[in-house]
Structures are given as structure tokens and as C-alpha cells.
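# Residue-level structural notes
Single-letter residue listing:
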Amino acid sequence: MTSAPVPQQISVIVLGERGRLPHVTLLACTVYPDRIEAQAYLVHAPLKRPRTLSRMAHTAGGWAVGRNPLKARLPKLVAGLQLHTPLTLPIARKGL
């Protein structure tokens, strides 16, 4: 009998593209093997079309995408803070 993986609780996940500023910050997240569930999110720049974005980390030189980052598929999103709007994102490729 195989046990299911335990979801991981992460307070903040920042998503963006290599060499660019963050696009989306996810707040109060639960990470499952196939999806990320966020209780709120902040869109730094509007996403006019669906995109796949990687997890980013803040470094001394700015924002960077790690090796084999967690990637999530995002829908079209309007810029702004969505405090009471949960968001579920499918994970495109897992690895941290």
C-alpha cells in the first residue's frame, strides 16, 4: 500500500521568467504533486495570454530562476491584488 504525498504548505511563491521581474506572487499556498492552490495572489504585470512560469528567488543581483524550477501554468490575469480570490494552478513540471 502506497501512501499519497503530503501537500506542502508555503506562505509565498513568486513566479516569473528567467531574466525578468516577477509576474505573479502567490500567497498562502498548498503545493500538491499536480497543482498549486493559492488563497490570494498579486499580479505584478498583466498576463494577456496563458503562460507557463517558473518559481523565482530573490538574490543579491535581483530575481533568478533556480535549476529545475517548479513551473505552473497560469491563465490570463489582470494586474492587481486579489486578496479574496483563490487560484488553482496546474504544475507543468515538478522539481525544486
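Further up the page is the structure itself.
Residues numbered from 1 in each chain as written. Predicted model: local features only at pLDDT ≥ 70, side-chain atom pairs only at ≥ 80, totals over all residues. Heavy atoms only, no water.

Turning next to the overall build of the chain. The helix and strand inventory of the chain stands at zero helices and eight strands. For the chain, the sequential pattern of α-helices and β-strands runs β-β-β-β-β-β-β-β. Across its three principal axes, the chain shows a C-alpha extent of roughly 45 × 30 × 25 Å. Across the 96 residues in the chain, those meeting the buried criterion constitute 35%. The contacts in the chain between residues at least 6 apart in sequence include a share of 50% that link residues at least 24 apart. For the chain, the accessible surface area stands at approximately 6100 Å², while carbon and sulfur atoms represent 55% of it. (Helix = DSSP H or I, 4+ residues; strand = E, 2+ residues; numbered from the N terminus. Buried < 20%, exposed > 50% of the residue type's maximum accessible area, 1.4 Å probe, protein only. Contact = heavy atoms within 4.5 Å. Areas by Shrake-Rupley, 256 points an atom, 1.4 Å probe, with all protein chains shown as cover.)

Under the definition given, this model contains four salt bridges. Between Arg20 and Glu17 there is a salt bridge whose closest N-O contact spans 3.4 Å. Between Arg35 and Asp34 there is a salt bridge, and its shortest N-O distance comes to 3.0 Å. For Arg35, a relative accessible area of 26% puts it in the partly exposed group. In this structure Asp34 comes out as partly exposed when scored by relative accessible area, which is 46%. In this structure, a network of salt bridges that share partners links the residues Glu17, Arg20 and Arg51. (Salt bridge = Lys/Arg side-chain N within 4 Å of Asp/Glu carboxyl O.)

Our focus in this paragraph is the nonpolar core. Counting residues in hydrophobic clusters, the biggest one holds 20 residues, and the most contacted among them are Ile13, Leu15, Leu26, Ile36 and Leu74. Looking at this core, the elements with two or more residues in it are strand S1 (8-16), strand S2 (22-31), strand S3 (35-43), strand S6 (71-74) and strand S8 (87-93). Once residues within four sequence positions are removed from consideration, Leu15 is found in contact with Pro22, His23, Val24, Leu26, Leu53, Ser54, Arg55, Met56, Ala72, Leu74 and Leu89. (Core = buried A, V, L, I, M, F, W, Y, C linked by side-chain atoms within 4.5 Å.)

This part covers the environment of Ala79. Along the chain, Ala79 turns up in the loop between S6 and strand S7 (80-82). Each C-alpha atom of the pair Ala79 and His44 lies 5.8 Å from the other, and the pair is 35 residues apart in sequence. Apart from the residues within four sequence positions on either side, Ala79 is in contact with Val43, Ala45 and Pro46.

This part takes up the packing of aromatic side chains. Under the definition given, this model contains zero aromatic pairs. The ring centre of Tyr32 lies 3.9 Å from the NZ or CZ of Arg35, which sits over that ring. (Phe/Tyr/Trp six-rings, centres within 6.5 Å; stacked < 30°, edge-to-face > 60°. Lys NZ or Arg CZ within 6 Å of the ring centre and 35° of its normal.)

With that settled, the discussion passes to the pairing of S2. Burial of S2 is extensive: eight of the 10 residues sit out of reach of the surface. Sheet analysis places S1 next to S2, joined by eight bridges and oriented antiparallel. Bridge pairing in S2 links Val14 to Thr25. Between S1 and the antiparallel strand that follows it, S2, lie five residues; Gly19 among them carries a positive phi value of about 80 degrees. Summarising the sheet, S2 and S3 pair through seven bridges and their orientation is antiparallel. If you follow Leu26 over to S3, its bridge partner there is Tyr41. Between the end of S2 and the start of S3, which pair antiparallel, lie three residues. (Pairing = 2+ DSSP bridges.)

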